[in-house]
Amino acid sequence: MAWEEAKSKNDFSIFMPHLEKMVDYKRKFANFYGYEKHPYDALLNEYEMGMTVEKLDKVFASLRDEIVNILSKVRESKVSIDENILEGKFSIEKQKELEKYVLDLIGYDYKHRGRIDSSEHPFTTNFGNKDVRITNHYHENNFYSAMYSAIHEGGHAIYEQQINDDLEKYGLQSGVSMGIHESQSRFYENIIGKSKSFLKLVYPKVQEIFEEFRSVPFKNFYKVFNIACPSLIRTEADELTYSLHVIIRYEIEKELIKGEIEVKDLKEIWNNKYEEYLGVRPQNDSEGILQDMHWSDGGFGYFPSYALGNIYGAQFLNSALKDMPNLYSEIEKGNLNDIKVWLKENIHQYGKLYEPAELLKKVTGEELDSKYFVEYLRNKFKDVYEF
Ligand SMILES: [Zn+2]
């Protein structure tokens, strides 16, 4: 409640004493829980079993530097992308038609083993693997938010639906961790959903449903979903800069939990990091330090899952492409079943049977490594910004 008030009044000092208590509690918790090297490991483990500061420091630092590097190329690019093509009024009914079309394509079974409802924020929930439901939120002035939320939640839902029936009796019939879950939703949303092949496949349908796109060339349609533009708000960030928002929170959290920095210094540290990595500086607390609710309910250690999902996803993509070199041309033809089956066989069927690192090793033969995600980002934004 203090966070809500602080955010609406744009005043971090209202939230500060409460956050200090929360951090103090989390520091104590880490000590009770136990850890080998870094107290933050205890908190990470709550969301991503086996994850440590030692592993993340290495992976996140190189990812941060590489993204900053790609971003500088984007900044130098002469390509300008017309965002106005996405403006208009889009009826909810038509948006729901498009939503069902993309969900049928990716293969989320909402007819017999699921449901689609609406809520303020989209989410996925399930009761075993035979009742996996998603929600969505529709905005009349924007059709793509609901389209991509549907694909994202559809990715979570396909994961749950494809877990092996036999795991139910062992209590292992659910996704293994936040990071692996996000890897599946983001795989569908970004790696597939924002690829040229997928957008080519869905564009005729979009043009059929929303007439205003009939005169828009495909190139513009493809590029507008792959804009890279540094901004202040994590939840609105593009695919390139998103992970930087997460890495900033990670760097702050681990030092805070270890007692290397204090709550009173957070605002300055936050703003400086945004300026250093993204080149933008928050002008007030609600677009800076107060934007996310996670810290107000003690969710320290959770943020890294979002970036881990991106890193895992690109590592899985690299393996999938070895098995299916024609993956993207198949997608363009409308075949999204091969990738769904591949994800089932390699990842989904196992539920919680393997810990995240074991699963990653089993699928890719490698440890956590951000190089595939960097390569993926570089290729994509090279294509979009023509550098
Ligand atoms: Zn998600």
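### Notes on the nonpolar core
In terms of nonpolar packing, the biggest core is built from 120 residues, with F143, F198 and F213 touching the most fellow members. Each residue touching F213, except ones within four places of it in the same chain, is listed here: I85, L86, F90, F143, Y203, V206, Q207 and F221.

### Section: helix α12 (residues 304–323)
A rise of 1.5 Å per residue sets the reference length of α12, with its 20 residues, at 28 Å; its end C-alpha atoms lie 29 Å apart and thus fit the reference within 8%. α12 sits mainly inside the fold: 16 of its 20 residues count as buried.

### Regarding the packing of aromatic side chains
The final tally for this structure, using the stated rule, is 31 aromatic pairs. Where Y47 meets Y302, the ring centres are 5.2 Å apart and the plane angle is 55°; that geometry is what we call tilted. Placement of the pair is Y47 in helix α3 (residues 39–47) and Y302 in the loop between α11 (266–278) and α12, with a sequence separation of 255 residues. According to the relative accessible area criterion, Y47 is partly exposed, its value standing at 24%. Where Y312 meets F316, the ring centres are 6.4 Å apart and the plane angle is 25°; that geometry is what we call stacked. In this pair, Y312 and F316 are both assigned in helix α12, four residues apart and thus about one turn of the helix distant. Both residues of the pair, Y312 and F316, count as buried. Members of the aromatic cluster, joined through ring pairs, are F90, F143, Y144, Y148, Y203, F210, F213, F218, F221, Y222 and F225.

Thresholds applied
Residues numbered from 1 in each chain as written. Predicted model: local features only at pLDDT ≥ 70, side-chain atom pairs only at ≥ 80, totals over all residues. Heavy atoms only, no water. Core = buried A, V, L, I, M, F, W, Y, C linked by side-chain atoms within 4.5 Å. Buried < 20%, exposed > 50% of the residue type's maximum accessible area, 1.4 Å probe, protein only. Contact = heavy atoms within 4.5 Å. Helix = DSSP H or I, 4+ residues; strand = E, 2+ residues; numbered from the N terminus. Expected span 1.5 Å × (residues − 1). Phe/Tyr/Trp six-rings, centres within 6.5 Å; stacked < 30°, edge-to-face > 60°.

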